Amino acid sequence: MVVGDASLDIDTLVIGAGPGGYVAAIRAAQLGQSVLIVDKSELGGVCLNRGCIPSKALISAAHQYESALHGEAFGISAENVKVDFSKTQEFKNGVVKKMTGGVAGLLKGNKVEVFNGECMFINENEARVFNDHESPRYRFKNAIIATGSRPIELKPFPFGGRILSSTEALNLPEVPKSMIVIGGGYIGAELGQMYSKFGAKVTIIEGLDTVLPGFDKDMTSLVAKNMKKTGIEIVTGAKAESAEQTDKDVTVKYSVNGESKEVTADYLLVTVGRRPNTDGELGLDLIGVDVDERGFVKVDHQGRTSIPQIFAIGDIVSGLALAHKASYEGKVAAEAIAGQPSVVDYKCMPAVVFTDPECSSVGYTEKEAKEKGHKVKAGKFPYAGNGRAVSLNHAEGFVKIVADEESGLVLGCQIVGLEASNLIAELGLAIEMGATLEDLALTIHAHPTLGEIVMEAAELVMGHPIHIISR
Ligand SMILES: Cc1cc2nc3c(=O)[nH]c(=O)nc-3n(C[C@H](O)[C@H](O)[C@H](O)COP(=O)(O)OP(=O)(O)OC[C@H]3O[C@@H](n4cnc5c(N)ncnc54)[C@H](O)[C@@H]3O)c2cc1C
């Protein structure tokens, strides 16, 4: 602690420069606040450095490789298709560098002051930021905490050596021959399938009865079917018990229905969830910010914590741990600080998984809509009835639309199939705008595009689709 130093004054202090923090900082600056953003690591947070962006870069590379290997249906064959994984990693690192450089430029362009170091609250209106060289102290009018999350480490599977968290799994220098994944949530499923596409023998061990347990069974069964077809072994209802590693491999003992089994592979990737970064040096307990029993900061509908001038956003508050949720909450908090009447409304928060096929969802599922008291009509239009999907040789999947039976209001949508991640945006807008099935059906969609599946799904639920026989 430095004694006797004076505090510098700022309007808003943002702690953490992930998709929550940097977006909040930019919006706060746009609204006229003087802003300091602090991050002890790289700008861009988990998403840009160790999450969304690097994983999608590697997944794109894996798709590229798969297309080169399997062009038979199009009459294309290639010999000697090889992967130089060090170049793949170079590509991925280049993408990360470009994107984090972009964040630095945006912060600078918006006159946000950046401090590379750690942050620690001194009291409700002051914080010290420090690194090896300096440790200035700031008095803030408002603060936004966006310190994000880290992988959960299970006692029997301590990270290190051949036991990897997602961070190390994104940075392997070569494609492993084999990999075990404990946890079939979206991170495990995406990374496991990526390495499988590059040729690794992958085994996924999942405690529940399906991979991607947050999604509808009819979606996840398509993903599981595709995974199995390409050689991924999925063990569900399994309890992973212990791991033993040598300098060559790692063996995991697990049980299914009380029966003990084991599997050995080059690496073990543990993706069983993420823990909020609300413990440690930050000093939330010192200043009395209320945190629940799982470590999530308690906030109101504007992101305000138990201390009115301190806000919390992103992975450290409950809800989906997704980048776009963090950014959305960041804008709301910055606007609330500026006195605007912004509040969070999670009705149209999409969830996307970049598996093959992709899964996406927004609004209510059929079950949720019924639980909310709606009389529901719903229907699935298959990719197989769409010319673009067939011409892309990706005719598996469906768009399911859930609507209110009487008003025709669109309540939710679930998509599994090619570009599900992009198609879901139209449905988010539809729900946000209070659109009906008719609005979707009357919107002219260009032909031939995957977007037409949305239009036809709406017509299907209305009872008169063109490219499928309606019964
Ligand atoms: C492998 C993987 C893939 C993912 N893919 C997707 C995806 O495709 N789509 C999606 O929406 N989400 C994805 N996510 C989730 C996404 O990365 C997170 O939801 C998102 O990064 C959360 O943003 P955040 O701003 O809350 O925090 P973070 O991105 O975690 O950033 C927090 C920042 O705070 C800093 N910090 C922490 N403590 C302090 C301190 N005391 N002082 C100073 N700085 C501090 C950290 O250094 C970090 O940079 C993925 C995550 C992983 C791990």
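Anything mentioned here points back to the structure above.
Residues numbered from 1 in each chain as written. Predicted model: local features only at pLDDT ≥ 70, side-chain atom pairs only at ≥ 80, totals over all residues. Heavy atoms only, no water.

### Some thoughts on the pairing of strand S5 (residues 126–130)
Within S5, four of the five residues are buried, leaving the element largely enclosed by the surrounding structure. Judged from the five bridges that link them, strand S4 (residues 118–123) and S5 form a sheet pairing that is antiparallel. Looking at S5, one finds that Met120 is bridged to Arg128. The antiparallel hairpin formed by S4 and S5 contains two residues in its connecting segment. (Buried < 20%, exposed > 50% of the residue type's maximum accessible area, 1.4 Å probe, protein only. Helix = DSSP H or I, 4+ residues; strand = E, 2+ residues; numbered from the N terminus. Pairing = 2+ DSSP bridges.)

### Let's talk about the site of the ligand
Not every one of the 40 residues close to the ligand is listed here, only the nearest: Gly20, Asp39, Val46, Lys56 and Ala323. Between an oxygen atom of the ligand and a main-chain N or O atom of Val46, the distance comes to 2.9 Å. Between the ligand and Cys47 there is a distance of 3.3 Å, counted from an oxygen atom to a backbone nitrogen or oxygen. About the coverage of the ligand: the protein hides 95% of its 1,000 Å² of free accessible area. Of all the elements in the fold, those that place two or more residues in the shell around the ligand are strand S2 (35–39), helix H2 (45–50), helix H3 (52–69), S4, helix H6 (186–197) and helix H9 (323–337). With four residues, H2 is the single largest residue contributor to the shell around the ligand. A class-by-class count of the residues in the shell around the ligand yields 17 nonpolar, 15 polar and eight charged. (Near = heavy atom within 4 Å. Polar contact = N/O pair within 3.5 Å; in protein donor to acceptor, adjacent residues only side chain to side chain. Areas by Shrake-Rupley, 256 points an atom, 1.4 Å probe, with all protein chains shown as cover. Nonpolar A, V, L, I, M, F, W, Y, C, P; charged D, E, K, R; others polar.)

### Remarks on H9
Between the first and last C-alpha of H9 there are 21 Å, a value that for 15 residues agrees with the 21 Å anticipated at 1.5 Å per step. Burial within H9 is extensive, with eleven of its 15 residues counted as buried. Those residues of H9 that sit buried are Lys325, Ala326, Ser327, Glu329, Gly330, Val332, Ala333, Ala334, Glu335, Ala336 and Ile337. Buried residues along H9 sit against strand S1 (8–15), helix H1 (21–30), strand S6 (137–145) and strand S17 (310–312). Residue Gly339 follows H9 closely and has a positive phi angle near 90°. (Expected span 1.5 Å × (residues − 1). Contact = heavy atoms within 4.5 Å.)

### Structural notes on the pattern of salt bridges
Where side chains of opposite charge bring their charged atoms close, a pairing between them can arise. Under the criterion given, the structure shown has 17 salt bridges. Where Asp209 meets Lys217, a salt bridge forms, and the shortest distance between an N and an O atom there is 3.0 Å. Across the pair Asp218 and Lys380 runs a salt bridge whose closest N-O atoms are separated by 2.9 Å. With a gap of 162 residues between them, Asp218 in helix H7 (residues 217–229) and Lys380 in strand S20 (residues 376–382) connect regions that are remote in the sequence. (Salt bridge = Lys/Arg side-chain N within 4 Å of Asp/Glu carboxyl O.)

### Focus: the state of the cysteines
The final tally for this structure, using the stated rule, is one disulfide. Note that Cys47 is cross-linked by a disulfide to Cys52, the S-S spacing being 2.3 Å. Of note, the bridge from Cys47 to Cys52 carries an S-S torsion of about -125° and is left-handed in sense. With a relative accessible area of 10%, Cys47 lands in the buried category. For Cys52, a relative accessible area of 27% gives the class partly exposed. Its sulfur unpaired, Cys359 is 12 Å from the next cysteine sulfur, which belongs to Cys413. Its sulfur unpaired, Cys413 is 12 Å from the next cysteine sulfur, which belongs to Cys348. (Disulfide = S-S within 2.5 Å.)

### Notes on the packing of H1 against helix H4 (residues 85–109)
Packing of H1 against H4 leaves a shortest axis separation of 9 Å and a crossing angle of 25°. The orientation of H1 relative to H4 falls into the category roughly parallel. Crossing handedness for the pair H1 and H4: left-handed. Listed contacts from H4 to Tyr22, Ala25 and Ile26 of H1 are Val103, Leu106 and Leu107. (Axes fitted to C-alpha atoms, helices over the stretch in contact; angles between N-to-C directions. Parallel < 35°, antiparallel > 145°, perpendicular 65-115°, else oblique. Left-handed = near helix turned anticlockwise from the far one by under 90°.)

### Some points on the sheet that holds strand S15 (residues 267–270)
Hydrogen bonds between backbone groups are what pair the strands of a sheet, and the pairing can be parallel or antiparallel. In space, the five strands of this open sheet follow the order S8-S15-S9-S10-S11, with parallel pairing throughout. Among the strands making up the open sheet, the edge pair consists of strand S8 (163–164) and strand S11 (233–235).

### A short note on the packing of H3 against H6
Contact geometry of H3 with H6 gives a least axis separation of 9 Å together with a crossing angle of 35°. Handedness of the crossing formed by H3 with H6: left-handed. Contacts between H3 and H6 pair Ser55, Lys56, Leu58, Ile59, Ala62, His63, Tyr65 and Glu66 from the former with Glu190, Leu191, Met194 and Lys197 from the latter. Residues that form the contact of H3 with H6 fall into these classes: six nonpolar, two polar and four charged.

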